[in-house]
Amino acid sequence: MASNTIKFEKLPDRLPPSNTVGWMAWVKTNLFGSISNTLITLLVFYLIFLYIPPFIEWAFINANFSGSDRSVCDENKAGACWTFVKVRFDQLLFGLYFATNPDQMWRPIIAFIGFFGLLIPLMIDKTPHKKWLLITLLTIFPVFFLLIVRGGVFGIPDSDPSQWGGLLLTFTLAFVGIILALPLGILLALGRRSKMPVVKSFSIIYIEFWRGTPLITILFMASVMLPLFFPSGVEFDKVVRAMIGITLFQSAYTAEAVRGGLQAIDKGQSEASMALGMGYWQQTIFIILPQALKISIPSIVNTFIALFKDTSLVSIIGLLDLLKIAQNSSRSLDWNGYDIEAYMFAGIVFWIFCFGMSMYSQRLEKKLDTDRRE
Amino acid sequence: MTNNQAETMNDDSTIISISKLNKWYGNFHALKDIDLSVNKTEKIVICGPSGSGKSTLIRCINRLEVHQEGSIIVDGVELNDDVKHINEIRSEVGMVFQHFNLFPHLTVLENCTLAPIWVRKKSRNEANHMAMELLEKVRIPDQADKYPGQLSGGQQQRVAIARALCMQPRVMLFDEPTSALDPEMIKEVLETMIELAESGMTMIVVTHEMGFANKVADRIIFMDEGQIVEQNDPETFFNNPESDRTKLFLSQILDH
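Residues numbered from 1 in each chain as written. Chains lettered and ligands numbered in written order. Predicted model: local features only at pLDDT ≥ 70, side-chain atom pairs only at ≥ 80, totals over all residues. Heavy atoms only, no water.

Peer 1: Summarise the pattern of salt bridges; cite the residues concerned and give the values.
Peer 2: All names here are of chain A. Tallying each qualifying case throughout the model produces 19 salt bridges over all chains. Between K10 and D13 there is a salt bridge, and its shortest N-O distance comes to 3.6 Å. For the pair shown, K10 and D13 are each scored as exposed. Look at the salt bridges and you will find they share partners, linking R192, E208, R211, E256 and R259 into a network. (Salt bridge = Lys/Arg side-chain N within 4 Å of Asp/Glu carboxyl O. Buried < 20%, exposed > 50% of the residue type's maximum accessible area, 1.4 Å probe, protein only.)

Here is the structure:
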């Protein structure tokens, strides 16, 4: 028998044919693969050609950057009036209080520097002691922020939060909303899947109630009704009321995003951890949540991006967030008529931060993806 | 000490004793009056057609399934609703699943050390040391820092065995450990299990691998319709089965 056996030999691996790789092949298959594909490609190129150059001309080439009042822009209507944004920049970023008290502007600036100084290293993979940075960001930073931006202690003048505005307010509301809604949302999602009827019904009622109510209504109610529930001595300022409303609303959405992740986890995971003797919280913290949160990153970040943009609804209770203050500025006597620039500036700032969140979430997904084979 | 503990102390060699066990899923009667006692170091293979209740039976032993009637006493502790008892028994009883159920977000080493550290309260050093020893026993110490997704099915199942052994269990349950494996990987897992059997571990194995049963089992249990139809040593079981149901089963799986 042995002498008749044919020896198995592995053939060497070869490269794919050259006309199926490289950019030429990509263009050919993806842009001009069929007649309809070719037509769509040509149409899109035509539209780009039609609209992009005039826009660039308006926004950059003919735009006004110099001067300190509207006279420059009024003389040259062919370009955008960025002078307006330049002159009103302090107001757009920090709101009325700090714009009218330029000597206090260092306070929000330091707060922003502190925030990004903590956040950016957290997003870089190689940073050491990330855990402590995160703890600082979540505990010490908010206190520091309150001390320095709100003031009223250590001889720092009190800045009335209802006079905060612009990006500062947008950021504060979004940060508080995100930081508080995530843990609340996780607990609610776990509660909704709990076997204990009371916990389960509470979570369902909570989630369905807040999810079914428009944020505008909630903000309005928080502003008008919340004071009624507390004894007359207790008063929250408008910003705190908005924070409470946003957090209650946001936690319901976050809960549903997290629940999606929890449902995707195979039952075998909790069985295996039970079989090893782990209790409910050990299973949840070490096995279930890390996997569930990883799966729900896209939908959690989706709700965060929505929240970041939704903060502009606080204008309904008289707070001047970035969008509202931009709008107001463009309607002031000094700059009446320059709405497009105002909205475009606000839009770009919103886009930068939302896109940043989106990019980071994609990186995080890739980093946490341990399922792939290598 | 509870009464149950005192009762089982009488017979030193018994580690699991199940009596009059009944289990329903809704109205479906899944296990009917099961009596089974397992001695220390005994190797039991449970076989039978699908839906016969074999997996349900061993899953009752570590309370992955809740039984409604009868009693299960493991190592002197009775399984009931007391969470303390349940976790005590679970940390004494290791389990290996058909689909491995490794934790995909943890490395092989972390899979093995998580429960010893948090349930057994061992130091990280001690847990790492023991995990590496066991990974060497199942012959994959070089994969310790990889993630489960990077391993073959056979390797994953051997990690799962090592993970269960890291808790230093007194009994090991295997729920069809080779059914989800490619044919070429069944052998490496069975070999690991044979070595474990030779080391004196008490094992209850649900499997269709009759070669393994013949070689390792002290006793083979045949189940159908939620009942124990027959239990015998391998010699008698394969050559002189008592029940006609067993004969039919054996002819179905062996004759081809």
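Peer 1: Quick one: what's the story with the interface of chain B and chain A, residue by residue and with numbers?
Peer 2: With 29 residues of chain B at the interface, the matching set in chain A holds 23 residues. The contact between chain B and chain A buries some 2100 Å² in all, and 59% of this surface belongs to carbon and sulfur atoms. The largest share of the area that chain B buries against chain A comes from R90, F103 and H105 of chain B, three residues that together contribute 24% of it. Where chain B meets chain A, there are one salt bridge. The partner of R59 of chain B in a salt bridge is E271 of chain A, and the shortest N-O contact between them spans 2.6 Å. (Contact = heavy atoms within 4.5 Å. Buried area = accessible area lost by both parts, 1.4 Å probe.)

Peer 1: I'd like a rundown of the sheet that holds strand 10 (residues 227-232) of chain B, residues and numbers included.
Peer 2: All names here are of chain B. Here six strands make up an open sheet; going across it, the order is 6-7-8-3-9-10 and the pairing mixed. On the outer flanks of this sheet lie strand 6 (93-96) and strand 10, each paired with one strand and no other. Averaged over all adjacent pairs, the angle separating strand axes in this sheet is 20 degrees, with direction ignored. As judged from the five bridges shared by strand 7 (residues 171-175) and strand 8 (residues 202-206), these two strands associate in the parallel manner. Across the sheet, the residue bridging to F174 is V205, located in strand 8. Contacts between helix 10 (residues 244-254) and the sheet are confined to strand 3 (43-47), strand 9 (219-224) and strand 10, with strand 9 contributing the most and set at about 95 degrees to the helix. (Pairing = 2+ DSSP bridges. Helix = DSSP H or I, 4+ residues; strand = E, 2+ residues; numbered from the N terminus. Axes fitted to C-alpha atoms, helices over the stretch in contact; angles between N-to-C directions.)

Peer 1: Break down the packing of aromatic side chains for me, citing the residues and quoting the values.
Peer 2: Summed over the entire model, instances satisfying the criterion amount to 24 aromatic pairs over all chains. Relative to F112 of chain A, the ring of F94 of chain A lies with its centre 5.9 Å away and its plane at 45 degrees, an arrangement referred to as tilted. Here F94 of chain A, found in helix 5 (residues 89-94), pairs with F112 of chain A, found in helix 7 (residues 106-123); they are 18 residues apart in sequence, far enough to count as distant. Judged by its relative accessible area of 15%, F112 of chain A falls in the buried class. Relative to F116 of chain A, the ring of F112 of chain A has its centre 6.4 Å away and its plane inclined at 10 degrees; by these criteria the two rings are stacked. Linking F112 of chain A with F116 of chain A, this pair stays in helix 7, spanning four residues, or about one helical turn. Chaining the aromatic ring pairs together yields one cluster made of F94, F112, F115, F116, F141, F171, F175, F308, F350 and F353 of chain A. One cation-aromatic arrangement involves K23 of chain B over Y25 of chain B; the distance from NZ or CZ to the ring centre is 4.6 Å. Between R163 of chain B and the ring centre of F103 of chain B, over which it is positioned, the NZ or CZ distance is 4.5 Å. (Phe/Tyr/Trp six-rings, centres within 6.5 Å; stacked < 30°, edge-to-face > 60°. Lys NZ or Arg CZ within 6 Å of the ring centre and 35° of its normal.)

By themselves these figures say nothing about function.
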